[in-house]
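Observations on chain architecture
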Amino acid sequence: MSQETQKQAVAREALRYVVDDAWIGVGSGSTANLFIDALATIRHRIKGGVASSVKTAERMKSHGIPVEELNDAGDLAVYIDGADEVTRAGAMIKGGGGALTREKIVAAASRKFVCIVDASKVVDVLGRFPLPVEVIPMARSYVARELVRLGGQPAWRQGFVTDNGNLILDVAGLAIADPVALEATIDGIAGVVTVGLFARRGADVVLVGSERGVETIAARR
C-alpha cells in the first residue's frame, strides 16, 4: 500500500467519527485535504465545517460544504486533522504547512480530536521533524535566541507569512522527551504566538494507514 493509498484509507476511515447535524472541525495539509474530499460525499449529513486555514476553507467551499467561523459555530463535536509527527500517546508536531495556531484553536474547541496519518508519521520520540513556532515579527530574533538556549537550531521560514500575519521559526535538533513540558516552556516565551507541539491537548484517537490497513489507536481516553 503506497503512502498516498494509506492517506486515502485513513481519510475514509475518519468519516466514522463525523457527527451528524454538527459543525465539524477540519484541519490542513495533504491528508486533511483527502478527508475533505471524502467529507463531501456525506456533506448532507452535517451542518458544515470550521476550517483551520484559508486553504481548507476554500477546499471545503469548492465541494459545496458550508463553512462557518468558530465564533459562530461554538464548541465542536470533533476535529479531524493530520500531523507531521505523532506518538502512540497522541502527542504531535504540527505546523509544517504553517496553520498551527488556527489548528490548535480549533482542536481546543473540539470535544474529540481524531488524528489521521500514514505510518511514516508515527514516532517514538518527537523532534525529527523540525518544530514550527509561530512568532510576532518583531520578536523573531529574540525568540530564536531563546530557542537556541533550549538546545534548538531555529531557522526562519523566509518568504512565508501565516494566515495571522506572523512568521514561522522551524526548530531542528530537539529530542522531545517531555512534549507537555516543552510546549509550556516555549509558549511562555514573549513573542511566541503558538508552538506546533500538540501535547497538552493531543489526539484522542490516531488513525494510522499502513501496509496492513488502518490501525486505530485510542491515544488519550
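Here's what I pulled together on the structure shown here.

The geometry of helix α1 (residues 3–13) relative to helix α2 (residues 30–39) is characterised by a closest axis approach of 8 Å and an angle of 50 degrees between their N-to-C directions. The orientation of α1 relative to α2 falls into the category oblique. Seen from above, α1 lies across α2 with right-handed handedness. Contacts between α1 and α2 involve E4, K7, Q8, V10 and A11 from the first element and S30, T31, L34, F35 and A38 from the second. Grouping the constituent residues of the contact of α1 with α2 by class yields five nonpolar, three polar and two charged.

What follows covers the nonpolar core. Ranked by internal contacts, the top residues of the largest apolar core, which has 28 residues, are V18, F35, L39, I80, V114, I116 and L207. Broken down by secondary-structure element, the contributors of at least two residues to this core are α1, β1 (23–26), α2, α3 (54–62), β3 (78–81), β6 (113–118) and β12 (205–210). Ranked by residue count, the leading element in this core is α2, at five residues. If you look at the next biggest cluster of nonpolar residues, it comprises 23 residues, including A91, L167, L169 and I176.

In this model, the largest pocket occupies a volume close to 530 Å³. The wall of the largest pocket is formed by 32 residues, among which S28, G29, G97, G98 and E103 lie closest to the centre. The dominant element in the lining of the largest pocket, judged by the number of residues it contributes, is α2, at four residues. The residue makeup of the lining of the largest pocket, split by class, is eight nonpolar, 15 polar and nine charged.

Taken together, the three strands give an open sheet; going across it, the order is β4-β5-β11, and neighbouring strands pair in antiparallel fashion. Two strands in the sheet have a free side with no partner beyond their single neighbour: β4 (85–86) and β11 (197–198). Across two bridges, the pairing between strand β5 (residues 92–93) and β11 is antiparallel. Bridged to I93 within β11 is L197.

It is worth spelling out the packing of aromatic side chains at this point. Working definition: an aromatic ring pair is given by the centre-to-centre distance plus the angle between the planes. Applying the stated rule across the entire model yields one aromatic pair. Both rings, one in Y79 and one in F113, keep their centres 5.0 Å apart while their planes meet at 50 degrees; by these two values the pair is tilted. Residue Y79 is found in strand β3, and its partner F113 is found in strand β6; the two are separated by 34 residues along the sequence. Here Y79 matches F113 in class, with each residue buried. One cation-aromatic arrangement involves K104 over F198; the distance from NZ or CZ to the ring centre is 5.0 Å.

Conventions and cut-offs
Residues numbered from 1 in each chain as written. Predicted model: local features only at pLDDT ≥ 70, side-chain atom pairs only at ≥ 80, totals over all residues. Heavy atoms only, no water. Axes fitted to C-alpha atoms, helices over the stretch in contact; angles between N-to-C directions. Helix = DSSP H or I, 4+ residues; strand = E, 2+ residues; numbered from the N terminus. Parallel < 35°, antiparallel > 145°, perpendicular 65-115°, else oblique. Left-handed = near helix turned anticlockwise from the far one by under 90°. Contact = heavy atoms within 4.5 Å. Nonpolar A, V, L, I, M, F, W, Y, C, P; charged D, E, K, R; others polar. Core = buried A, V, L, I, M, F, W, Y, C linked by side-chain atoms within 4.5 Å. Buried < 20%, exposed > 50% of the residue type's maximum accessible area, 1.4 Å probe, protein only. 1 Å grid on protein atoms, 1.4 Å probe; cavity = no way out; pocket = protein on both sides within 12 Å on 5 of 7 lines; lining within 4 Å. Points joined across faces, edges and corners; volume = space filled by probe spheres on them. Pairing = 2+ DSSP bridges. Phe/Tyr/Trp six-rings, centres within 6.5 Å; stacked < 30°, edge-to-face > 60°. Lys NZ or Arg CZ within 6 Å of the ring centre and 35° of its normal.

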